[in-house]
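Chain by chain, the residues:
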Amino acid sequence: MGYGTVISRGLRLRCPRCGDGKMFAGSLSMHETCDVCHYKFERAPGYFLGSIYVNYGLTSILVVIGYFSLFLTGILPHSAMLWTLGAICVLVPLIFFRYARALWCGFDQYWDPVPEDDETNDHGNATSMSSKTTA
Ligand SMILES: [Zn+2]
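Definitions and cut-offs
Residues numbered from 1 in each chain as written. Predicted model: local features only at pLDDT ≥ 70, side-chain atom pairs only at ≥ 80, totals over all residues. Heavy atoms only, no water. Donors = N, O, S within 2.8 Å, 3.2 Å for Na, K, Ca; no water. Tetrahedral: all angles 85-135°; square planar, octahedral: opposite > 155°, others 65-115°. Buried < 20%, exposed > 50% of the residue type's maximum accessible area, 1.4 Å probe, protein only. Disulfide = S-S within 2.5 Å. Axes fitted to C-alpha atoms, helices over the stretch in contact; angles between N-to-C directions. Helix = DSSP H or I, 4+ residues; strand = E, 2+ residues; numbered from the N terminus. Parallel < 35°, antiparallel > 145°, perpendicular 65-115°, else oblique. Left-handed = near helix turned anticlockwise from the far one by under 90°. Contact = heavy atoms within 4.5 Å. Phe/Tyr/Trp six-rings, centres within 6.5 Å; stacked < 30°, edge-to-face > 60°. Lys NZ or Arg CZ within 6 Å of the ring centre and 35° of its normal. Polar contact = N/O pair within 3.5 Å; in protein donor to acceptor, adjacent residues only side chain to side chain.

Engineer: How do you make sense of the coordination of the zinc ion when you look at a structure like this?
Structural biologist: Octahedral six-donor coordination of a metal ideally yields angles of 90 or 180 degrees, compared with 109.5 degrees for tetrahedral four-donor coordination. Those protein atoms acting as donors to the zinc ion are C15 (SG), C18 (SG), C34 (SG) and C37 (SG), and they sit at 2.2 to 2.4 Å. With 4 donor atoms in place around the zinc ion and angles of 104 to 117° between them, the coordination shape is tetrahedral. Mapping the donors of the zinc ion onto the primary sequence yields the spacing C-x2-C-x15-C-x2-C. An identical accessibility class is assigned to C15 and C18; each is buried.

And the structure:
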């Protein structure tokens, strides 16, 4: 599994380990475990706090690119540019919320993998039913 697989599974909101199970049950609700391989998505309390870094990084990049693009082309007055960039700061994290979590989960699984047969640390509890948790 390489970075392309991690990013592909993240952008398709699929399980980072098997690539088949869906991570989300709705727009904000997330399955607790994978339906296919029973991988526990939230590996520890506060685990998804790290996805904020992914979301913040993307938003920052878009705002910087947007600022220089608008500033150097001069197609918008400064007040409109401020409102446009402010809207990006608010909307991008909301739109990218699920993808940031999926990518965070995927890269964590890539760098610190939990094997499928790992039953010692409750990451692969095959007996638990898949349930939903509200984000
Ligand atoms: Zn899975």
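Additional details are given in the paragraphs that follow.
Engineer: What exactly am I supposed to notice about the state of the cysteines here?
Structural biologist: Each disulfide consists of one covalent bond between the sulfur atoms belonging to two cysteines. Under the counting rule described, the total for this entry stands at 0 disulfides. Here C105 stays free of any disulfide, with the sulfur of C15 as its closest cysteine sulfur at 7.6 Å.

Engineer: Help me understand the packing of helix α2 (residues 51-73) against helix α3 (residues 78-95) in this model?
Structural biologist: When two helices pack together, their arrangement is given by the angle between the helix axes and by the axis-to-axis distance. Across the interface, α2 lies against α3 with an axial gap of 9 Å and an inter-helix angle of 160°. It follows from the interaxial angle that α2 and α3 lie roughly antiparallel. Crossing of α2 over α3 shows right-handed handedness. Where α2 approaches α3, its residues N55, L58, T59, L62, V63, G66, Y67, L70 and F71 are matched on the opposing element by H78, M81, T84, L85, I88, C89, V92 and P93.

Engineer: Would you mind showing me how to read the environment of V36 here?
Structural biologist: Here V36 is to be found in the loop between β1 (29-31) and α2. Assessed through its relative accessible area of 48%, V36 is described here as partly exposed. Separated by 21 residues in sequence, V36 and C15 have C-alpha atoms that sit 8.6 Å apart. When residues no more than four places from it in sequence are discounted, the contact partners of V36 are C18, D20 and G21.

Engineer: Would you take a moment to explain the packing of aromatic side chains for this structure?
Structural biologist: Aromatic ring pairs are described here by two measures, namely the spacing of the ring centres and the angle between the planes. Applying the stated criterion to the full structure yields 9 aromatic pairs. Aromatic side chains Y3 and F107 sit 5.9 Å apart centroid to centroid with 45° between the ring planes, which places their arrangement in the tilted category. Here F107 lies in helix α4 (residues 97-111) and Y3 lies in helix α1 (residues 3-11), a separation of 104 residues in the sequence. Taking relative accessible area as the criterion, Y3 reaches 43% and is therefore assigned partly exposed. Between F107 and W111 the ring centres are 5.2 Å apart and the planes differ by 25°, which places this aromatic pair in the stacked class. Of the two residues, F107 and W111 are both situated in helix α4; the distance of 4 residues between them amounts to about one turn of the helix. Cluster of aromatic residues (ring-pair linked, three or more members): Y3, F107, Y110 and W111. Over the face of the ring belonging to F24 we find R98, whose NZ or CZ atom lies 5.6 Å from the ring centre.

Engineer: Please explain the side chain of R17 as it appears in this structure.
Structural biologist: The residue R17 is located in the loop between α1 and β1 in this model. In this structure R17 comes out as buried when scored by relative accessible area, which is 11%. At 3.1 Å, the side chain of R17 and the backbone oxygen of V114 are in polar contact.

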